[in-house]
Amino acid sequence: MQAHWAIRTERLTKVYTSRKQTHTAVYDLSLHIADGETVGFIGANGAGKTTTIKMLLHFITPTQGRAWLYDIPCEQPRARQKVGYMPEQPYFPRYLTPRELLSAHAALAGVPARDTTHRVEVALELARADAFAHRPIGKLSKGMTQRVALAQALVGDPQLLILDEPASGLDPVSRVEMRNVLQALKEHGKTIFLSSHHLGEVERICDRVAIIHRGRLLAFGTPQELTQPTDRYVLIAENVDSKAEKALRSCCEQVRWEGVQLVAFTNSARVYDSIQILRETNARLVCLNQQRETLEEAYLRIVQSTPAASPVEKAA
Amino acid sequence: MLRAFIALVKLSFLEAVRRQVLHVMVLLSLVVIGVAGTVSFFDLGVQVKIVKDTGMVMILLAGSLSVVFLISGALFHDVEQRLVYPVLARPIPRGLYLFARYTGALSAVYVGMTLMALTLLLLLWIHLRYVSGLAVVAIAFTYLEVALVGALAMLLSTFFTPAMTATLTLFLYLLGSLKMGYLQHLAERNTGIAKWAITTISAALPNMEAFRFKDALVHDLTVPANYLLLVAIYGICYTATCVAISIWNFGRREV
């Protein structure tokens, strides 16, 4: 079974100790991510996301626990053979062009010399960085540099992508483009481990989501598993006359027209009344849905329900 | 792995050749060597001695200072600027990265030193119409000495900040240059633990004087081939040891 895990961590813990204080950045983190999965890793600033990624890539050594990439211990360089990494706030030599940078990284990733040009062009195209591939990196905007960073991660044709805040600092258009690229990579069967603050993006593209708070994994599951049904209902109806509309407006939180359909938002206490109104006025109920939390709401609920003195602080 | 190493050396070299400290050192040395070789104050014999003396000193000084300043801050800069992360996320050992960083910076210094050496050899040829083999040998050992200084700076840079590394390297460089005379004299004047400590420190410090054949070149003395071989082996082993300890320390360090 273990052979299927792209990322596996067992009780991963990182404690930073200085003379004055001890800080537990990550505590007892056990994650199992299958090959081909897209997993969102969400948490507030300082929650332990980047520390976890640093341990996975062996930039830092865990205080306790172990981690494996494709069943190879992280401390071994060959564990990173199938990995493409995009750092948060990427920095590259400013005098190099993206094409030169990618050629160097292709060599580092073990791409054969004969394939380098092709791989570089494919990565630039995938990351939509081909238009400015000849300009020095120092002269590129933040959004362009992010795309170069993504191209750099893709140049070795990795099976596992570890992306640390890929949409950080991007404008809305660039963010949508980044999401589309990730979606395309997901469809190509790549495993994506995505650390992000943008919960909407995570919800859209991730198969599973891990919530980390104060270094501790609070929840790990599909968006469906993490979000709960709410008290909100949405009704969509047709053939609604003015009398019915007026009645609905009195018992619903929000009512609006979308073409010939009337969309009404109500709660569990009044949903039956709303249906009665529609029945009495011969309106046609097209759809009735109980709404679920957004991932953002679920995140806030889970985080806020965590006891103030969590095991992390106790351990510290 | 060789392609990865070459790619890293190239990146390190490109960064080093862009540093102003190297440009200033090379230009200054070329000017001094050029002035010493072209402005004639003395008769030919003395003039040639001055050219040899000045040339060798400038090559050594410029090479050593350049390599110290280039290597002292290299790792620190890479980690602080986060340039190191995309590289270390690749399937390469950290030791390869460090060795390539060292090799690239040293290559850039060697390019500058080669310019100075060619200028010196050209001036000697203009004055004497021949170039002695010892001149080439003396220059080659200067290269080895600079490699050792660079390795020492690399080793210290895995423990200390750039300023501390540069200061300590230059201090050890000076101690290493003085050790033949001063430290042996000190050891002879002491007894017991003090003598043992001074002797140990003296043995651990690099013997920089061993690489310097300037006096032999200036006074046209011959140097036994066996001695040259021993010095070369000493230099290579000392440099390799420094690089190996650097690799070990950088490998266990958190970035």
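With that settled, the discussion passes to the overall build of chain A. In terms of helices and strands, chain A carries 11 helices and 14 strands. Seen along its three principal axes, the alpha-carbon backbone of chain A occupies a region of about 75 × 50 × 40 Å. Within chain A, buried positions represent 43% of all 316 residues.

Turning our eyes to something else, we now look at the overall build of chain B. Along the backbone of chain B there are 12 helices and zero strands. The order of helices and strands in chain B, counted from the N terminus, is α-α-α-α-α-α-α-α-α-α-α-α. Taking 2.2 N^0.38 as the reference for a compact globule, 255 residues should give roughly 18 Å; the C-alpha atoms of chain B span a radius of gyration of 20 Å, in line with that estimate. Considered along the principal axes of its C-alpha atoms, chain B spans approximately 60 × 50 × 30 Å. Sorting the 255 residues of chain B into buried and exposed places 42% on the buried side. Taking the contacts inside chain B whose residues are at least 6 apart along the sequence as the reference set, 83% of them involve residues at least 24 apart.

This part covers the interface of chain A and chain B. The extent of an interface is frequently quoted as the accessible surface area lost upon association of the parts. Facing the 25 residues of chain A at the interface are 20 residues of chain B. Those elements giving two or more residues to the side of chain A that touches chain B turn out to be strand 6 (83-86) and helix 2 (98-108) of chain A. No other element matches helix 2 of chain A, which puts four residues into the side of chain A that touches chain B. Its residues assigned to classes, the side of chain A that touches chain B comprises 17 nonpolar, six polar and two charged.

As a further point, take the sheet that holds strand 11 (residues 229-238) of chain A. All names here are of chain A. Read from one edge to the other, the open sheet built from four strands follows the order 12-13-11-14, with strand pairing classed as antiparallel. Here the strands that pair on one side only, and so sit at the sheet edges, are strand 12 (254-258) and strand 14 (284-292). Mean inter-strand twist for the sheet, computed between neighbouring axes without regard to direction, equals 20°. Relative to strand 14, strand 11 runs antiparallel, the two sharing seven bridges. Bridge pairing in strand 14 places Val234 opposite Asn289. Packed onto the sheet, helix 9 (residues 271-280) meets strand 11, strand 13 (261-267) and strand 14 and runs at close to 150° relative to strand 13.

Within helix 2 of chain A, 10 of the 11 residues are buried, which leaves the element mostly enclosed by the surrounding structure. Those residues of helix 2 of chain A not exposed but buried are A:Pro98, A:Glu100, A:Leu101, A:Leu102, A:Ser103, A:Ala104, A:His105, A:Ala106, A:Ala107 and A:Leu108. Next to the buried residues of helix 2 of chain A lie helix 3 (113-126) and helix 4 (142-154) of chain A together with helix 1 (2-17) and helix 5 (84-88) of chain B. One or two steps after helix 2 of chain A, the chain reaches A:Gly110, where phi turns positive at roughly 85°.

When two helices pack together, their arrangement is given by the angle between the helix axes and by the axis-to-axis distance. Closest axis-to-axis distance for the helix 2 of chain A/helix 1 of chain B pair is 7 Å, and the angle between their directions is 145°. For the pair helix 2 of chain A and helix 1 of chain B, the sense of crossing is left-handed. Contacts between helix 2 of chain A and helix 1 of chain B involve A:Ala104, A:Ala107 and A:Leu108 from the first element and B:Arg3, B:Ala4, B:Ala7 and B:Leu11 from the second. Split by residue class, the contact of helix 2 of chain A with helix 1 of chain B holds six nonpolar, no polar and one charged.

Even without a glycine there, the phi angle at A:Arg214 is positive, about 50°. Position of A:Arg214 relative to the elements: it lies in the loop between strand 9 (208-213) and strand 10 (216-221). One non-glycine residue, B:Asp220, lies in the positive phi region at around 50°. Residue B:Asp220 is classed as exposed on the basis of its 11 C-beta neighbours within 10 Å.

Averaged over every residue, the pLDDT of chain A is 90; the share at 70 or more is 96%. Confidence drops under a pLDDT of 50 for residues 310-316 of chain A, and excluding neighbours within four residues, the segment shows 15 contacts in the predicted structure.

Assigned domains within chain A: domain 1 (2-226) and domain 2 (229-291). A C-alpha centroid distance of 45 Å is found between domain 1 of chain A and domain 2 of chain A.

Quick look at the packing of helix 6 (residues 94-128) of chain B against helix 12 (residues 225-252) of chain B now. All names here are of chain B. It is at 9 Å that the axes of helix 6 and helix 12 come closest, and there the two elements cross at 130°. Between helix 6 and helix 12, the crossing angle belongs to the class labelled oblique. When the axes of helix 6 and helix 12 are compared, the crossing they make is right-handed. Only Val243, Ser246, Ile247, Phe250 and Gly251 of helix 12 make contact with helix 6, whose side of the interface consists of Arg94, Gly95, Leu98, Phe99 and Tyr102.

Moving on, we get to the pairing of strand 4 (residues 64-69) of chain A. Residue and element names in this part refer to chain A. In the sheet, strand 1 (residues 5-17) pairs with strand 4 via five bridges, with the strands oriented antiparallel. Looking at the pairing, Arg8 lines up with Trp68 of strand 4. What sits between the antiparallel neighbours strand 4 and strand 5 (residues 72-73) is a turn of two residues, in which Tyr70 has the positive phi angle 50°.

Residue and element names in this part refer to chain A. Neither face of strand 6 is left uncovered, since the one carrying Val83 and Tyr85 and the one carrying Gly84 and Met86 both have all their residues buried. Judged from the four bridges that link them, strand 6 and strand 7 (residues 160-164) form a sheet pairing that is parallel. Looking at the pairing, Tyr85 lines up with Ile162 of strand 7.

The subject of this paragraph is the environment of B:Leu120. All names here are of chain B. Positionally, Leu120 belongs in helix 6. Sequence separation between Leu120 and Met58 is 62 residues; the distance between their C-alpha atoms is 10.0 Å. Among all residues touching Leu120, those that are not within four sequence positions of it are Ile33, Gly55 and Ile59.

Here is what the cut-offs are and how they apply
- Residues numbered from 1 in each chain as written.
- Chains lettered and ligands numbered in written order.
- Predicted model: local features only at pLDDT ≥ 70, side-chain atom pairs only at ≥ 80, totals over all residues.
- Helix = DSSP H or I, 4+ residues; strand = E, 2+ residues; numbered from the N terminus.
- Buried ≥ 20, exposed ≤ 12 C-beta atoms within 10 Å, placed from the backbone.
- Rg over C-alpha atoms; globule rule 2.2 N^0.38 Å.
- Contact = placed C-beta atoms within 7 Å.
- Nonpolar A, V, L, I, M, F, W, Y, C, P; charged D, E, K, R; others polar.
- Pairing = 2+ DSSP bridges.
- Axes fitted to C-alpha atoms, helices over the stretch in contact; angles between N-to-C directions.
- Left-handed = near helix turned anticlockwise from the far one by under 90°.
- pLDDT = per-residue confidence, 0-100.
- Domains from an automatic or database assignment.
- Parallel < 35°, antiparallel > 145°, perpendicular 65-115°, else oblique.

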